[in-house]
Amino acid sequence: MKSPIRNRKYATEITADNEGEHVRIAGWVHEKRHLGGVFFLVVRDLGGFAQVTLHKGEVEKELFERVKKVPRESVVAIEGKVKSEKKAPNGYEIIPERMEVQSEASQVLPLDTTGKVGAELDTRLDARFMDLRTERTKHIFIIRSRVLKAIRDFLDERGFIETNTPKIVSAATEGGTALFPISYFEREAFLNQSPQLYKQMLMASGFDKVYEIAPIFRAEEHDTTKHLNEATSVDIEVAFVSDKEVMALLEELIAFVYTKVMDYPGLAKLNLKLDVPKTPFRRINYDEAIKLLSEAGEEIEWGEDLSTSAEHTLGDIISELYFITDWPCAIKPFYAQPGDVEAEGKRKDICNAFDLMHPKVELASGSQRVHSYELLKRNIESKGLSADGFEFYLDSFRYGMPPHAGWGLGVERLLMSMLGIDNIREVVLFPRDRRRLAP
Ligand code: ATP
Ligand code: MG
């Protein structure tokens, strides 16, 4: 890692080989220790830690006193000489000549950044700016950034066009999930729960392969460890393909993301062992899922959605990433394409829809989409929704809409499941949940 500021070096840019050189480091006062006549100051920066060592009598008294007094977590810039020291974090220490306190921290800290004193998640989220200074949290978000880059690289490589669709909308994407109403001048509008309708409309544009990585808003009342009210979704839509092709793309993408995260040196700091999942993932259909559940003593009526408890039971049985396919249309959205009775011998009330499970939490949902205007209109109405509200969407199906398929993948669900983190809030910088609107 190279420091962007002139003359400043990151702790990890310096080694014992720089013995005798003058360097300038800058960062936060991580720890202070006084051992006999020696004072140690550990300075933390993005790269890591640098030990600054002051021997009483060898440095100016004024500097010694100032270093001793500077509160922990203050921002300092220090200039000094590099000296090799086996016991120091990177095998060297800095013998300081100058210290500039760029911002002095208040004495009582909301959190301990050394990780020695643990804190409740709520306390950490309240002081998130400081929680981000801890090693574990920092690495989670660097990994998050890597995951997003890996997803973009993967899709760009395959000729996808990245798009941005509106987040302020006039209609619900699908019935069911509650929406956040907002006031839009003299009208009521909503925060979008998914880019579904818009990415489908783009299939009528001839773009063929689109993706979007953006927030989705769900006014879900419940307070769980896997739901947020504002989440980030990776959505794709592909023309001239069926559910099969986008499922293959999804499993390849997941495996690719894992390989990119595996390369990250900071993983060791999270005490994690990741195994890249083998593709293709296992596929079971909905009927098989309810049969497995019934054998495990959990009765699900055909046509009923799988509860969290059912997801857990199945995850215990299967214990790897897997797809559940061929869902009853009744529990899938109106845009899911019903099975092809003639070509595939499927029942008409079964849709070409799938969920990807990790194995106890849903990571993604997708399907082949209805591309017939008449069927789509009928489906909307049969779900008890008014076709009028969907006119702008339905219109795009009237003038040449290719067959298409796609999915939506929750970024936070992917991260939490990959890293073995129990609470989804851990992988969002500033989570929005039933109780939390700030910071
Ligand atoms: P669930 O049944 O787990 O609540 P869902 O079926 O309502 O999810 P979809 O509408 O299928 O979710 O959205 C696609 C993906 O977006 C989900 O598989 C999930 O990864 C993510 N997602 C949806 N809602 C949320 C949420 N409230 N918080 C975090 N991620 C979400
Ligand atoms: Mg779903």
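Residues numbered from 1 in each chain as written. Chains lettered and ligands numbered in written order. Predicted model: local features only at pLDDT ≥ 70, side-chain atom pairs only at ≥ 80, totals over all residues. Heavy atoms only, no water.

Q: Explanation requested: unusual backbone geometry in the structure shown.
A: With glycine set apart, most residues show a phi of negative sign, and most peptide bonds adopt trans. Geometrically, the link from Thr279 to Pro280 is a cis peptide bond, its omega value of -5° lying close to zero. With respect to the secondary-structure elements, Pro280 resides in the loop between helix 6 (243-262) and strand 12 (282-285). Following His358, the chain continues to Pro359 via a peptide bond in cis, the omega torsion being -25°. Tracing the sequence through the fold places Pro359 in the loop between strand 14 (350-357) and strand 15 (362-368). With phi around 75°, Glu73 is a residue other than glycine that occupies positive phi space. Within the element layout of this structure, Glu73 appears in the loop between helix 1 (61-69) and strand 4 (75-84). Look at Asp326: it is not a glycine, yet its phi comes out positive at around 50°. Looking at where Asp326 falls in the secondary structure, it is placed in strand 13 (residues 322-328). (Helix = DSSP H or I, 4+ residues; strand = E, 2+ residues; numbered from the N terminus.)

Q: Teacher, can you tell me more about the sheet that holds strand 7 (residues 168-169) here?
A: The strands that make up a sheet are held in pairs by hydrogen bonds between backbone atoms, and each pair lies either parallel or antiparallel. Strand order across the open sheet formed by 3 strands is 7-9-8, with antiparallel pairing between neighbours. Edge positions in the open sheet fall to strand 7 and strand 8 (181-184), since each of these has one partner strand only. Here strand 8 pairs with strand 9 (residues 187-191) via 4 bridges, running antiparallel. Within the sheet, the bridge partner assigned to Pro181 lies in strand 9 and is Phe190. (Pairing = 2+ DSSP bridges.)

Q: Quick question: what am I supposed to make of the site of ligand 1 here?
A: Taken together, 14 residues lie near ligand 1, and Arg218, Glu220, His227, Glu362 and Leu363 sit nearest. Take His227: an N or O atom from its side chain is 2.5 Å from an oxygen atom of ligand 1. Backbone polar atom of Gly410 to an oxygen atom of ligand 1: 3.1 Å apart, as the coordinates give it. Computed on the free molecule, ligand 1 has an accessible area of 580 Å², of which 83% lies beneath the protein chains in the complex. Of all the secondary structure elements, the ones that give two or more residues to the shell around ligand 1 are strand 15 and strand 16 (404-410). When residues of the shell around ligand 1 are assigned to their parent elements, the largest contribution, 4 residues, is made by strand 15. (Near = heavy atom within 4 Å. Polar contact = N/O pair within 3.5 Å; in protein donor to acceptor, adjacent residues only side chain to side chain. Areas by Shrake-Rupley, 256 points an atom, 1.4 Å probe, with all protein chains shown as cover.)

Q: Explanation requested: the pairing of strand 11 (residues 230-239) in the structure shown.
A: Side-chain direction in a regular strand flips from residue to residue, so the side chains alternate between the two faces of the sheet. A large share of strand 11 lies buried, amounting to 9 of its 10 residues. The pairing of strand 10 (residues 209-217) with strand 11 spans 9 bridges and is classified as antiparallel. Counterpart to Pro215 in the pairing with strand 11 is Thr232. Where strand 11 lies against strand 16, 7 bridges are found, and the strand directions are antiparallel. Bridge assignment links Ile236 to a residue of strand 16, and that residue is Trp407. (Buried < 20%, exposed > 50% of the residue type's maximum accessible area, 1.4 Å probe, protein only.)

Q: Would you mind showing me how to read the coordination of the magnesium ion (ligand 2) here?
A: When a metal holds four donors in a tetrahedron, each ideal angle between them is 109.5 degrees; when it holds six in an octahedron, the ideal angles are 90 or 180 degrees. Protein coordination of the magnesium ion (ligand 2) is provided by Glu362 (OE) and Ser365 (OG), with donor distances spanning 2.2 Å. A residue is classified by how much of its surface remains accessible, and Glu362, at 23% relative accessible area, is partly exposed. (Donors = N, O, S within 2.8 Å, 3.2 Å for Na, K, Ca; no water.)

Q: Can you help me understand the sheet that holds strand 4 in this one?
A: If you walk around this closed barrel you meet the 5 strands as 1-2-3-5-4, and the pairing is mixed. Neighbour-to-neighbour, the strand axes of the sheet open up by a mean angle of 50°, direction not taken into account. Sitting on the sheet, helix 1 is in contact with strand 1 (22-35), strand 2 (38-44), strand 3 (49-55) and strand 5 (92-103), with an inclination near 70° to strand 5. (Axes fitted to C-alpha atoms, helices over the stretch in contact; angles between N-to-C directions. Contact = heavy atoms within 4.5 Å.)

Q: What is the right way to read the nonpolar core from this model?
A: Proteins that are soluble and globular tend to have nonpolar side chains buried together. The biggest cluster of nonpolar side chains holds 53 residues, and the ones touching the most others in it are Ile254, Trp407 and Leu409. Looking at this core, the elements with two or more residues in it are helix 4 (135-157), strand 10, strand 11, helix 6, strand 14, strand 15, strand 16 and helix 12 (411-419). The next biggest cluster of nonpolar side chains, apart from the first, holds 22 residues, and it includes Ile14, Val29, Ala50 and Val59. (Core = buried A, V, L, I, M, F, W, Y, C linked by side-chain atoms within 4.5 Å.)

Q: How do you make sense of the packing of aromatic side chains when you look at a structure like this?
A: For any pair of aromatic rings, the description consists of the separation of the ring centres together with the inter-plane angle of the planes. By the definition in use, this model includes 14 aromatic pairs. Measuring from centroid to centroid gives 5.6 Å for Phe154 and Phe256, while their planes differ by 45°, and the two rings are tilted. With Phe154 in helix 4 and Phe256 in helix 6, the pair connects residues that are 102 residues apart, well separated along the chain. According to the relative accessible area criterion, Phe154 is buried, its value standing at 2%. (Phe/Tyr/Trp six-rings, centres within 6.5 Å; stacked < 30°, edge-to-face > 60°.)

Q: Please explain the domain arrangement of the protein as it appears in this structure.
A: On domain assignment, one finds that the protein holds domain 1 (11-103) and domain 2 (129-427). Here the C-alpha centroids of domain 1 and domain 2 sit 49 Å apart. Opposite the 6 residues of domain 1 that make contact, domain 2 presents 5 residues. Contact with domain 2 buries area across many residues of domain 1, yet Arg44, Leu46 and Glu73 alone supply 66% of it, more than any other trio. Linking domain 1 with domain 2 are 1 salt bridge. (Domains from an automatic or database assignment. Buried area = accessible area lost by both parts, 1.4 Å probe. Salt bridge = Lys/Arg side-chain N within 4 Å of Asp/Glu carboxyl O.)

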